[in-house]
Amino acid sequence: KGWLQQILFFLFFYISIFAALTYFKTAFFDGVIPWADALASATAFTGLWLMTKKNVESWYWWIATNIASIPLYFVKHYVFTSVYYIVLLVMAVFGLLEWMKKVKMNKLWVIVHSSALLNPANNPFIKFIMIPNTVFLLTMIMNYFAASF
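Computed from a predicted structure; not experimentally measured.

A. The packing of aromatic side chains, seen in detail. For the coordinates displayed, the defined rule picks out 12 aromatic pairs. With a centroid separation of 4.9 Å and an interplanar angle of 50 degrees, the aromatic rings of F9 and F13 are classed as tilted. One end of the pair is F9 and the other is F13, both in helix 1 (residues 2–27) and 4 residues apart, which spans about a single turn. Using a relative accessible area of 21% as the deciding quantity, one classes F9 as partly exposed. On the basis of relative accessibility, which here comes to 24%, the residue F13 falls in the partly exposed class. Judged by centre distance (4.2 Å) and plane angle (10 degrees), the rings of F9 and W49 are stacked. Here F9, found in helix 1, pairs with W49, found in helix 2 (residues 34–52); they are 40 residues apart in sequence, far enough to count as distant.

As structure tokens, then:
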């Protein structure tokens, strides 16, 4: 159910952005590549939406955003922006691995200490551990919007 909801969310934004960019390309924007721009934007919106829900799947969508953005900006002759997305890709992969490691350690810790206080449903501190580095997330958001301008 979760993946279906994510795919539908992505498809809604992809189709909407693709249609808008295709329409406006003829009138306003010469450098637009509708399918690629829509792919990069829709994956980013999906990742952002999942990040607000604190889903680990948001990392996969951010990785997809970075993979789509690297060649997109390179083709548009924004080489430094393309390199920037390579850096963001590396950071997103490490963020995903770190998140997975913390979740695995947290589950092990909860199994070893099986009291009711250590249950993630009852203890907000354990939920906080599962949230990735806030500074990194804010950086990802700011970088996405900075690259849009």
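So much for the structure itself; the text now carries on.
B. Structural view of the pattern of salt bridges. As enumerated under the stated definition, the model contains 2 salt bridges in all. Of the charged contacts in the structure, one is a salt bridge between K76 and D37, with a shortest N-O distance of 2.9 Å. You can see K76 sitting in the loop between helix 3 (57–75) and helix 4 (79–112) and its partner D37 sitting in helix 2, a full 39 residues away along the chain. For D37, a relative accessible area of 12% puts it in the buried group. Across the pair K101 and E98 runs a salt bridge, and its minimum N-O distance is 3.7 Å. Highlighted residues: K101 and E98, both in helix 4, separated by 3 residues, approximately one helical turn. Among the residues examined, K101 registers a relative accessible area of 44% and is labelled partly exposed. For E98, a relative accessible area of 35% gives the class partly exposed.

C. Region of interest: the environment of T52. Secondary-structure assignment places T52 in helix 2. Looking at T52, its side chain comes within polar contact range of the main-chain oxygen of W49, at 2.6 Å.

D. Broad picture of the environment of I33. Locating I33 in the fold gives a position in the loop between helix 1 and helix 2. In the structure, I33 is positioned 12 residues away from L21 in sequence and 8.0 Å away in space, judged by C-alpha atoms.

What counts and how
- Here the residue numbers are simple positions, counted from 1 along each chain's written sequence.
- Residue-level local features of this predicted model are given only where pLDDT is at least 70; pairs of side-chain atoms are given and counted only at 80 or more, and the full residue set underlies all totals for whole chains, interfaces and linings.
- Calculated side-chain values reflect all of the structure's heavy atoms, with hydrogen atoms and water omitted.
- Two rings from Phe, Tyr or Trp (for Trp, the six-membered ring) form a pair when their centres sit within 6.5 Å of each other. Planes less than 30 degrees apart are called stacked, planes more than 60 degrees apart edge-to-face, and all others tilted.
- Going along the chain from the N terminus, every DSSP run of H or I of four or more residues is numbered as a helix, and every run of E of two or more is numbered as a strand.
- Per-residue accessibility, obtained with a 1.4 Å probe over protein chains only, is compared with the maximum for each type, and a residue is labelled buried under 20%, exposed over 50%, and partly exposed between these values.
- A side-chain nitrogen of Lys or Arg and a carboxyl oxygen of Asp or Glu constitute a salt bridge if their distance falls within 4 Å.
- Any N or O atom pair separated by 3.5 Å or less is treated as a polar contact, with the protein-specific requirement of one donor-capable and one acceptor-capable atom, and with residues adjacent in sequence counted only for side-chain atom pairs.

Purely geometric numbers; function is a separate question.
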